[in-house]
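# Observations on the model geometry
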Amino acid sequence: MSQVVIRDVEPGDMARIAAIYAESVENGLGTFELDPPDEAEMVTRFAAVAASGLPRLVAEIDGQIAGYAYAGVFRPRRGYRYTVEDSVYIDPAFRGRGVGRALLSALIERCEALGLRQMLAVIGDSANAGSVALHAACGFEPCGVLNSVGWKHNDWRDVVLMQRALGPGGDAEPTSDGLPGGR
């Protein structure tokens, strides 16, 4: 089996990232977005993540981008500056090969190094067993379900909330200023 290589997102990755996300928008439940954004929009979105100082990662197998992950600002108010939300998307051809776990583990490590204290998973649909299992395997615990809050693929969809402490979590005062962007 080929090794999964995790690295920072580079500008040349955006077409592949946009294609992976488009597949999820069109066929999956990981996002409730209904129309896939084009590459230019994905560049804009990833620039906002970069401006906040949060990690943006891709996973490669045999030189091919198999998936990507990033941490995003949970809420814009300054009081939330130690909490982030993760996003992980995997090309269907690479699912079940450890790509998601490698990406999420690296994302957790990067966020801990920034002094962040909580990571949230906002998982589209209760039936999204793969994402729930991935997050549980990486130490996330369920903390709630928002029932029937999204309409996609001609049915109501839930949102599953999971949470994981980063570093000491809420057991100690912060040792950094929180998000690099200073929110």
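Not measured: the values here are computed from a predicted model. (Residues numbered from 1 in each chain as written. Predicted model: local features only at pLDDT ≥ 70, side-chain atom pairs only at ≥ 80, totals over all residues. Heavy atoms only, no water.)

### Remarks on the overall build of the protein
For clarity, the threshold we go by: Under the DSSP-based scheme used, a helix requires at least four consecutive residues in state H or I and a strand at least two consecutive residues in state E, with every element numbered from the N terminus. C-alpha atoms define the radius of gyration in this analysis, and the globule rule sets the expected value at 2.2 Å times the number of residues to the power 0.38. A contact between two residues is defined here by any heavy atoms of the two lying within 4.5 Å. Every accessible area reported is derived by Shrake-Rupley at a probe size of 1.4 Å, with residue values counting cover from the shown protein chains alone. A positive count includes Lys and Arg, and a negative count includes Asp and Glu. His and the chain ends are not counted in either. The atoms used to mark charge sites are NZ of Lys, CZ of Arg, CG of Asp and CD of Glu.
Helix and strand content of the protein: four helices and seven strands. Going from the N terminus to the C terminus, the protein shows its helices and strands as β-α-α-β-β-β-α-β-α-β-β. Against the globule reference of 16 Å for 183 residues, the protein gives a C-alpha radius of gyration of 16 Å, in line with a compact fold. Summarising the internal contacts of the protein: among those between residues at least 6 apart in sequence, 68% fall at separations of at least 24. When the accessible surface of the protein is summed, it comes to about 9200 Å², and 49% of that surface belongs to carbon and sulfur atoms. Computed over 17 positive and 24 negative side-chain charges, the separation of the two mean positions in the protein equals 4 Å.

### Considerations on the layout of surface pockets
To keep it simple, the criterion reads: Put simply, the grid is 1 Å and covers the protein atoms alone, a cavity is a trapped set of points that fit a 1.4 Å probe, a pocket is an open set with protein on both sides within 12 Å along at least five of seven lines, and lining residues have an atom within 4 Å of a point. Grid points are joined across faces, edges and corners, and a volume is the space filled by probe spheres set on the points.
In this structure, the largest pocket encloses a volume near 1000 Å³. Along the walls of the largest pocket sit 46 residues, with Gly-30, Ser-87, Val-88, Tyr-89 and Ser-131 positioned nearest its centre. Elements that contribute at least two residues to the lining of the largest pocket include exactly helix H1 (14–27), helix H2 (39–51), strand E3 (64–73), strand E4 (83–90), helix H3 (99–113), strand E5 (118–124) and helix H4 (129–137). Broken down by element, the residue count for the lining of the largest pocket peaks at six residues, all from E4.

### Quick look at H1
Rules: For a helix, the expected span equals 1.5 Å multiplied by the number of residues minus one. Note on classification: 1.4 Å probe, protein chains only; a residue is buried when its accessible area is under 20% of the maximum for its type, exposed when over 50%, partly exposed between these limits.
Over its 14 residues, H1 extends 20 Å from the first C-alpha to the last, a length consistent with the 20 Å expected when each residue adds 1.5 Å. Along H1, the positions that sit buried rather than exposed are Met-14, Ile-17, Ala-18, Ile-20, Tyr-21, Ala-22, Ser-24 and Val-25. Lining the buried residues of H1 we find H2, strand E2 (56–61), E3, E4 and strand E6 (141–152).

### Concerning the pattern of salt bridges
Opposite charge on two side chains permits pairing when their charged atoms draw close. Filter applied, for reference: Basic side-chain nitrogens of Lys or Arg form a salt bridge, by our definition, when they fall within 4 Å of a carboxyl oxygen of Asp or Glu.
In total, this model carries 10 salt bridges according to the counting rule given. Here Arg-95 ties to Glu-23 by a salt bridge, and the two come within 3.4 Å at their closest N and O atoms. Of this pair, Arg-95 sits in the loop between E4 and H3 while Glu-23 is found in helix H1, placing the two residues 72 residues apart along the sequence. The exposure class of Glu-23 is partly exposed, given its relative accessible area of 22%. Arg-164 is the partner of Glu-112 in a salt bridge, and the nearest nitrogen-oxygen pair spans 3.5 Å.

### Describing the pairing of E6
For the record, the criterion: Following DSSP output, two strands are said to pair if at least two bridges run between them.
Bridge analysis of E6 against strand E7 (residues 155–165) gives eight bridges, and the strand direction is antiparallel. If you follow Gly-150 over to E7, its bridge partner there is Arg-157. As consecutive antiparallel partners, E6 and E7 are separated by two residues, and within that stretch His-153 has a phi angle of approximately 50°, a positive value.

### Side note on the sheet that holds E3
Applied cut-off: Helix axes use the C-alpha atoms of the stretch in contact, all axes being lines fitted to C-alpha atoms, and the angles between their N-to-C directions lie in the range 0 to 180 degrees.
As summarised here, the arrangement of the seven strands in space is E1-E2-E3-E4-E5-E7-E6, forming an open sheet in which the pairing is mixed. Lying at the two open borders of the sheet, with one neighbouring strand each, are strand E1 (4–8) and E6. Each strand axis lies, on average, 25° off the axis of its neighbour in the sheet, ignoring direction. The pairing of E4 with E5 spans three bridges and is classified as parallel. Along E5, the bridge assignment pairs Thr-83 with Gln-118. Packing against the sheet, H1 makes contact with E2, E3, E4 and E6, and its axis sits at approximately 80° to E3.

### Quick look at the confidence of the model for the protein
Formally: Predictor confidence is given residue by residue as pLDDT, running from a minimum of 0 to a maximum of 100.
Confidence along the protein averages 94 in pLDDT terms, with 97% of residues attaining 70 or more. No element of the protein has a lower mean pLDDT than H2, which averages 95, and none a higher one than E2, which averages 98.

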